Amino acid sequence: MDAIDRKILTVLQNDANISIADLADRVGLSQTPCWKRIQKLEQAGVILKRVALVSPEKIGLGLTVFVQIETADHSGPWLDKFAQTAAAMPEVMEFYRMAGDVDYMLRVVVADMAAYDTFYKKLIETIPLKNVTSRFAMERIKATTAYKVPDLPRP
């Protein structure tokens, strides 16, 4: 990726609906080369998809919970089953395997405490877990989906 590809990524992360003409103008290209670069970035898996970002509160999903999970079983089959189970739950927005005293971290978004209780019961019924700790977000101070695209490394 060169500096122009990096500029394209920076602009698209902030506005994926920008017209090719406007994007090309902002990055200093004509439209056809700009479009071809976008296609190459998509084919290379750098651009994963283009989506609409939705306000969770405006659709009735006002509770964000960070769920820390510890397990006594670290086998491949257990992880496969757990990953499959958690990934299939629509309330799970993000799912990480961690280093340290917590094995897994989930970011769960639900309507309210009752909805979280339903989610929690479903989670603990599906697979054995050693410990589950839930931390409830009181306020979202920052949320972004745009990565800071690093400058080209200097030779």
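Residues numbered from 1 in each chain as written. Predicted model: local features only at pLDDT ≥ 70, side-chain atom pairs only at ≥ 80, totals over all residues. Heavy atoms only, no water.

You'll find the protein entered in an unreviewed UniProt entry as Lrp/AsnC family transcriptional regulator, with Bosea spartocytisi given as the organism.

Q: Would you mind showing me how to read the overall build of the protein here?
A: For the protein, the helix and strand inventory stands at 5 helices and 4 strands. Reading the protein from its N end, one meets helices and strands in the order α-α-α-β-α-β-β-α-β. What you see for the protein is a C-alpha radius of gyration of 20 Å, clearly larger than the 15 Å of a compact globule of 155 residues, by over 25%. When the backbone C-alpha atoms are referred to their principal axes, the protein occupies close to 55 × 40 × 25 Å. A burial count over the protein gives 28% of its 155 residues as buried. By sequence separation, contacts in the protein at least 24 residues apart represent 64% of the contacts at least 6 residues apart. Of the charged side chains in the protein, 20 are positive and 19 negative, and the gap between their average positions amounts to 6 Å. (Helix = DSSP H or I, 4+ residues; strand = E, 2+ residues; numbered from the N terminus. Rg over C-alpha atoms; globule rule 2.2 N^0.38 Å. Buried < 20%, exposed > 50% of the residue type's maximum accessible area, 1.4 Å probe, protein only. Contact = heavy atoms within 4.5 Å. Lys, Arg positive; Asp, Glu negative; His and termini not counted. Charge placed at Lys NZ, Arg CZ, Asp CG, Glu CD.)

Q: Would you mind showing me how to read the nonpolar core here?
A: Nonpolar side chains in soluble globular proteins tend to end up buried together. With 18 residues, the main nonpolar core has Val67, Ile69, Leu106, Val108, Tyr116 and Phe119 as its most contacted residues. Contributing elements (two or more residues each) for this core: strand E1 (63-70), helix H4 (76-87), strand E3 (104-110) and helix H5 (113-126). (Core = buried A, V, L, I, M, F, W, Y, C linked by side-chain atoms within 4.5 Å.)

Q: Hey, could you run me through the pattern of salt bridges in this one?
A: Where charged atoms of side chains with opposite charge meet at close range, the side chains can pair. Following the criterion strictly, the structure yields 7 salt bridges and no others. Asp2 is paired through a salt bridge with Arg37; the nearest N and O atoms lie 2.8 Å apart. Taken as a pair, Asp2 in the segment before helix H1 (3-14) and Arg37 in helix H3 (residues 31-43) lie far apart in primary sequence, 35 residues in all. Put simply, Asp5 and Arg37 hold a salt bridge, and the shortest N to O gap is 2.9 Å. (Salt bridge = Lys/Arg side-chain N within 4 Å of Asp/Glu carboxyl O.)

Q: Just to check I follow, could you spell out the pairing of strand E2 (residues 92-97) for this structure?
A: Side-chain positions along a regular strand alternate between the two faces of the sheet. Both E2 and E3 contribute to a ladder of 5 bridges, which runs antiparallel. Considered in E3, the bridge of Phe95 is made with Leu106. Counted along the chain from E2 to the antiparallel partner E3, the turn is 6 residues long, and its residue Gly100 has a positive phi close to 110°. (Pairing = 2+ DSSP bridges.)

Q: Can you walk me through the side chain of Gln68 in this structure?
A: Mapped onto the fold, Gln68 is located in strand E1. Not counting chain neighbours up to four residues away, the residues in contact with Gln68 comprise Val102, Tyr104, Met105, Asn131, Val132, Thr133 and Arg135.

Q: Hey, could you run me through the environment of Gln68 in this one?
A: Judged by its relative accessible area of 18%, Gln68 is buried. A sequence separation of 68 residues divides Gln68 from Phe136, and the C-alpha atoms of the two residues are 11 Å apart. Among the polar contacts made by the side chain of Gln68, one reaches the side chain of Arg135 at a distance of 3.1 Å. (Polar contact = N/O pair within 3.5 Å; in protein donor to acceptor, adjacent residues only side chain to side chain.)

Q: Whenever I open this one, the environment of Thr145 confuses me. Can you help?
A: Within the fold, Thr145 resides in the segment after strand E4 (131-136). When the C-alpha atoms of Thr145 and Pro33 are compared, they prove to be 26 Å apart, with 112 residues separating the residues in sequence. If near-sequence neighbours (up to four positions away) are discounted, Thr145 is found in contact with Gln13 and Leu53.

Q: Mind showing me how you'd approach the environment of Ala83 here?
A: With respect to the element layout, Ala83 can be found in helix H4. Spatially, the C-alpha atoms of Ala83 and Arg97 are 9.6 Å apart, while their sequence positions differ by 14 residues.

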